[in-house]
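# Secondary and tertiary structure notes
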Amino acid sequence: LVWLLVLSLAWLGPALGGEDKDEEVLEEEEKEKKEDEVLSDEIKEEDNVLVLHEHNFARALSEHQLLLVEFYAPWCGHCQRLAPAFAQAATELRNESSPARLGKVDATAQTALATEFGITSYPTLKLFRDGNRTHPLAYTGRMDSQGIVRWMQRRAGPSATLLQDTDTSAAFIDSRDLVVIGFFKDLEGEAAQAFFKVAAEMVDMAFGVAEAAELFQEYGLSADTVCLFKKFDERQTNFPVDPARGLDTAELTRLLRVHSLQLVMEFTNETSDQIFSAKIPHHMLLFLNKSSPEQLLLRDSFRAAAGGFRGEVRWPHGQDMEGGFGTPWPKHPPFPAQVLFVVVDVTGHGADVLPFFGMTAADAPTLRLVRMENNRKYQMEQDNFSDSAIRTFIQEVLDGKVKPHLLSAEPPEDWDTRPVKVLVGKTFEQVAFDETKNVFVKFYAPWCPHCQAMAAAWEELAERYRDREDIVIAEMDSTANELENITIHGYPTLHYFPAGPGRKMVEYKGTRDVETFSKFLENGGTLPEEPP
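To keep things clear, this report deals only with the structure shown in the data block. Just so you know, these numbers come straight off a predicted model, no measurement behind them.

This part covers the overall build of the chain. Counting secondary structure elements, the chain contains 16 helices and 24 strands. For the chain, buried positions account for 44% of its 532 residues. When contacts within the chain are restricted to residue pairs at least 6 apart in sequence, those whose partners lie at least 24 apart make up 67%. Counting every atom, the chain has about 28,300 Å² of accessible surface; 51% of that belongs to carbon and sulfur.

If you want it as structure tokens, here you go:
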């Protein structure tokens, strides 16, 4: 039996070994096949998006005149949300036989490409034109399918429609609620070329261009001018090009954004993006209840006041000049004083913003001016809603004659008996600037997850220093309290106010844990240098 078993194993052994060898060969061949695929310059597609890597990237650039490439990371949530819109845009562009195509690169796998193009965040989109890989253009459009399609269409074709006679110009102006037309004597000149650059970026507006003398005459122009035509408010707004300065693309973009808005906007879900993307430095807000006929009448005087602040530029010398390209600019640049007028219905979409102003619907009607750079709010007296009173109030705010209206909650009864002292707007200065105390303050928002994550460490820190007379650990809800000379831009923000004369303040930028906080306090408001 033993002998038979030995013979059997001897006979079966080569067959079994051969089977293992066959499997190994198959695995090796499959691996080599995959490597060949990666090394190949063949370009595959997923949902009409070109799948690019180090070995086919050059071929893709040579075959496609316009190629928008998304550099992504598979684990990135923003990339995952963008993927369906990116694929839809790729499909739309391909269906219309556009020379523009979309591609994608897994930047975590294709590290050589990521390094070459300086990819440091995901997703990053870059446009490659005419095979040029040394100077790709950063994508500046919206991150949705329509935004991508429009942005690419502007780069695939002329950014502005050539209007050759009065019939085509009239039809173009009538085609939309708002259009922009550049009138230039020389379409090859610098001013016209700058205009085309603006048109390529502002994909949400329709741009036309004209050089025919009859069109200059038709619209009352004698020199190069950019005109904004609207079916609301003023029908034609002219921005003459200064022959000496030429056309400044940033300034033209700003002016078009400002003047494309209605003179008085209503704050709704549809208009909120327009209101904030225009980057107008001051917002004048009329809060009213639209269900009240009496309050609705206040819109008339509000609108009457708005015209004087549309596109205005205030100059350091004191004089005011209408914004545009036709006026000479002084040696020192102006500072903008444009004011956007907005009606907020406290019973509609505006109800969501009332807490930001410390208001309730019962406070309507009321007026507030907001300085957008620091969210400072200014409250107008309620007894006069006339247009002249509104204009006077705005001018006084712009001239620095009105103090901001600062929010402050009421201090809790036990605010100073807890380990973490609870500060509010009206008690902040007496605590933070106490010359006998070193005060460490956390400025937070109740909804902020980072604030919630460090709450336990802050409580533990306060317990640790509870018996120290010279150290105070405190916190302030910055959504309910405002300070005149301290602006909080993010949450949590930590500031240290050292004891002694003067109103000193040190921002803490270390890690948010008890031991590091403690080192900071023990070292007098600085972190000791760690050995290398």
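And the narrative resumes.
All right, on to the nonpolar core then. Ranked by size, the top nonpolar core spans 24 residues in total, and within it Met284, Phe302, Phe341, Ile390 and Ile394 carry the most contacts. Tallying contributions element by element places helix α13 (residues 387-398) first for this core, with six residues. Ignoring sequence-local partners within four residues, the contact set of phenylalanine 341 consists of Leu263, Val264, Met265, Met284, Phe302, Ala305, Ala306, Phe309, Ile390 and Ile394. Listed in part, the 23 residues of the second largest apolar core include Val180, Phe195, Val198 and Leu228.

The strand order across the open sheet built from five strands is β20-β22-β21-β23-β24, with neighbouring strands paired in mixed fashion. Edge positions in the sheet fall to β20 (421-423) and β24 (506-507), since each of these pairs with one other strand and no more. For strand β21 (residues 438-444) and strand β22 (residues 471-477), the ladder comprises seven bridges, and the chain directions are parallel. Each residue of the ladder has a partner; that of valine 441, found in β22, is alanine 474. Here helix α15 (residues 449-464) sits on the sheet and contacts β21, β22 and β23 (493-497); the angle it forms with β21, its principal contact strand, is near 160 degrees.

A separate point is α15. Between the first and last C-alpha of α15 there are 24 Å, a value that for 16 residues agrees with the 22 Å anticipated at 1.5 Å per step. Within α15, the axis deviates most sharply at alanine 455, by approximately 40 degrees. Within α15 the residues assigned to the buried category are Cys451, Met454, Ala457, Trp458, Leu461 and Ala462. Packing partners of the buried residues in α15 comprise β21, β22, β23 and α16 (514-522).

As summarised here, the arrangement of the five strands in space is β7-β9-β8-β10-β11, forming an open sheet in which the pairing is mixed. Edge positions in the open sheet fall to β7 (161-162) and β11 (236-240), since each of these has one partner strand only. Where strand β10 (residues 225-230) lies against β11, five bridges are found, and the strand directions are antiparallel. Note on β11: the bridge partner recorded for leucine 228 is threonine 237. Where helix α9 (residues 249-260) meets the sheet, it contacts β8 (178-183), β9 (206-210), β10 and β11, and its direction lies at approximately 20 degrees from that of β10.

Evaluation of the coordinates by the stated rule reveals two cavities of 30 Å³ or more. Reported here for the largest cavity is a volume of approximately 80 Å³. In terms of lining, the largest cavity is formed by 13 residues, of which the most central are Val258, Ile280, Arg310, Val339 and Leu340. A per-element tally of the lining of the largest cavity places strand β17 (residues 339-345) first, with three residues. Taken together, the residues of the lining of the largest cavity break down into nine nonpolar, three polar and one charged.

Now for the layout of surface pockets. Take a probe with the size of a water molecule and roll it over the atoms, and the empty space left behind shows itself. What the largest pocket holds in volume is close to 750 Å³. Around the largest pocket sit 24 residues that line it, and Met202, Asp204, Met205, Arg257 and Ser277 are the ones nearest its centre. For the lining of the largest pocket, the secondary structure elements donating two or more residues are α5 (145-156), α9 and α10 (272-277). Among the elements that make up the lining of the largest pocket, the one with the highest residue count is α9 (four residues).

Closest axis-to-axis distance for the α5/helix α7 (residues 190-201) pair is 8 Å, and the angle between their directions is 155 degrees. One finds that α5 runs roughly antiparallel with respect to α7. Contact with α5, carried on its side by Trp151, Arg154 and Arg155, involves Ala199, Ala200 and Glu201 of α7 and no other residues of that element.

Thresholds, definitions, all that
- Going along each chain's sequence as written, the residues are numbered from 1 onward.
- A pLDDT threshold of at least 70 governs which residues receive local features in this predicted model, and a stricter bar of 80 or more applies before side-chain atom pairs are shown or counted, although totals over entire chains, interfaces and linings include all residues.
- Only heavy atoms go into the side-chain values, all of them from the structure, while hydrogens and water stay out.
- Strands are runs of DSSP state E lasting at least 2 residues, helices are runs of H or I lasting at least 4, and numbering of each runs from the N terminus.
- Each residue is assigned to one of three classes by its accessible area relative to the maximum for its type, calculated with a 1.4 Å probe on protein chains only: buried under 20%, partly exposed between the two thresholds, exposed over 50%.
- When checking whether two residues touch, look at their non-hydrogen atoms; a contact exists if any pair is within 4.5 Å.
- Each accessible area value is a Shrake-Rupley result obtained with a 1.4 Å probe; residue values ignore everything except the protein chains displayed when judging cover.
- To qualify as a nonpolar core, a set must consist of buried Ala, Val, Leu, Ile, Met, Phe, Trp, Tyr and Cys residues joined through side-chain atoms within 4.5 Å.
- Two strands qualify as a pair provided DSSP detects at least 2 bridges between them.
- Axis definition: a line fitted to C-alpha atoms, limited for helices to the stretch in contact. Angles are taken between N-to-C directions and run from 0 to 180 degrees.
- Each helix should span, by expectation, one fewer than its residue count multiplied by 1.5 Å.
- Note on bend: the value at a residue is the angle between axes fitted to the seven residues ending there and to the seven starting there.
- Residues are called lining when one of their atoms sits within 4 Å of a cavity or pocket point, these points coming from a 1 Å grid over the protein atoms alone, where a cavity is a set in which a 1.4 Å probe fits but cannot get out and a pocket is an open set with protein on both sides within 12 Å along at least five of seven lines.
- Grid points are joined across faces, edges and corners, and a volume is the space filled by probe spheres set on the points.
- Amino acid classes used here: Ala, Val, Leu, Ile, Met, Phe, Trp, Tyr, Cys and Pro are nonpolar; Asp, Glu, Lys and Arg are charged; the rest, including Gly, are polar.
- In this scheme, roughly parallel covers angles under 35 degrees and roughly antiparallel covers those over 145, while 65 to 115 is roughly perpendicular and the rest are oblique.

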